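Structural characterization, general
Read off the chains here:
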Amino acid sequence: MPHNKTVLVVMGVSGSGKSKIGKLLSKKLNLPFYDGDDFHPEANIEKMSSGTPLNDNDRKEWLIELNKLALKNKKVGAIIACSALKKNYRSILRAGMGNCMAFVYLNGTFELIRSRLETRKDHFMPMDLLKSQFDTLEPPSNEISVSIDKSPDSIVKDILKQLN
Ligand SMILES: Nc1ncnc2c1ncn2[C@@H]1O[C@H](COP(=O)(O)OP(=O)(O)OP(=O)(O)O)[C@@H](O)[C@H]1O
Ligand SMILES: O=C(O)[C@H](O)[C@@H](O)[C@H](O)[C@H](O)CO
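An account of the accompanying structure is given in this report. These numbers were taken from a predicted model, which means no experiment stands behind them.

Surveying the vicinity of ligand 1 reveals 17 residues, the closest of which are S14, K18, S19, R120 and K150. The separation between an oxygen atom of ligand 1 and a polar side-chain atom of S14 is 2.7 Å. Between an oxygen atom of ligand 1 and a side-chain N or O atom of K18, the distance comes to 2.6 Å. Contact with the protein chains removes 80% of the 640 Å² of surface that ligand 1 exposes when unbound.

This is the structure in structure tokens:
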């Protein structure tokens, strides 16, 4: 990457496009992609699937695992998709990474994201949890931020422009 940001965390509420955009970005930058959803303990997946939002405690071990993943990839680089909803969650993710980690915030309205989730198939996350995702969200300042109200390719272009 043409800068010191080796690990990019693509963040935002459920349905904001973390997987979609993260994968495209990983192709463009030729970096491995990791989906934070794959690192949840089974109990977290069961909890969300049954319609209960995760709390700080549920997310703690998961965030620590993702921090370990980031540290492991500090030199080689990686794209990690993770909701990273609260400031404090981002601090856990960034521990030991300093300026090597950057967050890419996918910014969209409740209505837009709801409409995208309505057409998404085969995913454990129930749409009812979207409101709690927005209630929990503490949007980052001083991070890369992109409006998701456009095509995936334009979003990726926007991210690359802000990175350089
Ligand atoms: N810019 C876009 N334009 C149109 N559709 C999009 C865009 N970005 C994502 N989508 C679609 O919106 C849905 C949600 O995207 P995606 O699954 O990538 O979100 P996510 O943030 O990873 O969600 P979750 O955290 O719940 O796993 C998918 O069906 C995806 O194909
Ligand atoms: O922090 C959280 O509540 C979780 O990370 C959720 O955001 C899900 O993992 C994901 O978004 C669902 O697909």
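And the narrative resumes.
For the rest of this paragraph, the subject is the state of the cysteines. For the coordinates displayed, the defined rule picks out zero disulfides. Note on C82: no disulfide assigned, nearest cysteine sulfur contributed by C100 at a separation of 18 Å. Of the residues examined, C82 reaches a relative accessible area of 1% and is grouped as buried.

Right, let's get into the pattern of salt bridges. Scanning all chains against the criterion turns up seven salt bridges. The closest approach of N and O atoms between K86 and D56, which form a salt bridge, is 2.9 Å. You can see K86 sitting in the loop between β3 (78-81) and α4 (87-94) and its partner D56 sitting in helix α3 (residues 56-72), a full 30 residues away along the chain. Given the relative accessible area of 39%, D56 is considered partly exposed. Note that E143 and R94 form a salt bridge whose closest N and O atoms lie 3.3 Å from each other. You can see E143 sitting in the loop between α6 (130-136) and β5 (144-147) and its partner R94 sitting in helix α4, a full 49 residues away along the chain.

Once that is clear, we can look at the sheet that holds strand β4 (residues 101-107). With parallel pairing, five strands are arranged side by side in an open sheet as β2-β3-β1-β4-β5. Each having just a single partner strand, β2 (33-35) and β5 make up the two edges of the open sheet. Taking each pair of neighbouring strands and ignoring which way they run, the sheet shows an average axis angle of 20°. Looking at chain direction, strand β1 (residues 7-11) and β3 are connected through four bridges and run parallel. Its bridge partner being in β3, L8 is matched across the sheet by I79. The strands touched by α4 within the sheet are β1 and β4, with β4 carrying the most contacts at an inclination of about 145°. Running at roughly 155° to β5, helix α7 (residues 152-163) makes contact with β1, β4 and β5 of the sheet.

The next thing to look at is the side chain of S83. You can see S83 is positioned in the loop between β3 and α4. Among residues more than four places away in sequence, those in contact with S83 are M11, G12, K18 and W62.

The next point concerns the site of ligand 2. All residues adjacent to ligand 2 are S14, K18, D37, H40, M48, R59, W62, S83, H123, F124, M125 and Q133. One nitrogen or oxygen atom from the side chain of D37 is found 2.6 Å from an oxygen atom belonging to ligand 2. Here an oxygen atom of ligand 2 sits 2.9 Å away from a polar atom, N or O, in the side chain of H40. For ligand 2, the protein covers 97% of the area, taking 320 Å² as the surface of the free molecule. Of all the cavities here, the one that holds ligand 2 is the largest pocket. Per-class residue counts for the shell around ligand 2 are four nonpolar, five polar and three charged.

Cut-offs applied
Residues numbered from 1 in each chain as written. Chains lettered and ligands numbered in written order. Predicted model: local features only at pLDDT ≥ 70, side-chain atom pairs only at ≥ 80, totals over all residues. Heavy atoms only, no water. Near = heavy atom within 4 Å. Polar contact = N/O pair within 3.5 Å; in protein donor to acceptor, adjacent residues only side chain to side chain. Areas by Shrake-Rupley, 256 points an atom, 1.4 Å probe, with all protein chains shown as cover. Disulfide = S-S within 2.5 Å. Buried < 20%, exposed > 50% of the residue type's maximum accessible area, 1.4 Å probe, protein only. Salt bridge = Lys/Arg side-chain N within 4 Å of Asp/Glu carboxyl O. Helix = DSSP H or I, 4+ residues; strand = E, 2+ residues; numbered from the N terminus. Pairing = 2+ DSSP bridges. Axes fitted to C-alpha atoms, helices over the stretch in contact; angles between N-to-C directions. Contact = heavy atoms within 4.5 Å. 1 Å grid on protein atoms, 1.4 Å probe; cavity = no way out; pocket = protein on both sides within 12 Å on 5 of 7 lines; lining within 4 Å. Sits in = over half its atoms within 2 Å of the grid points. Nonpolar A, V, L, I, M, F, W, Y, C, P; charged D, E, K, R; others polar.

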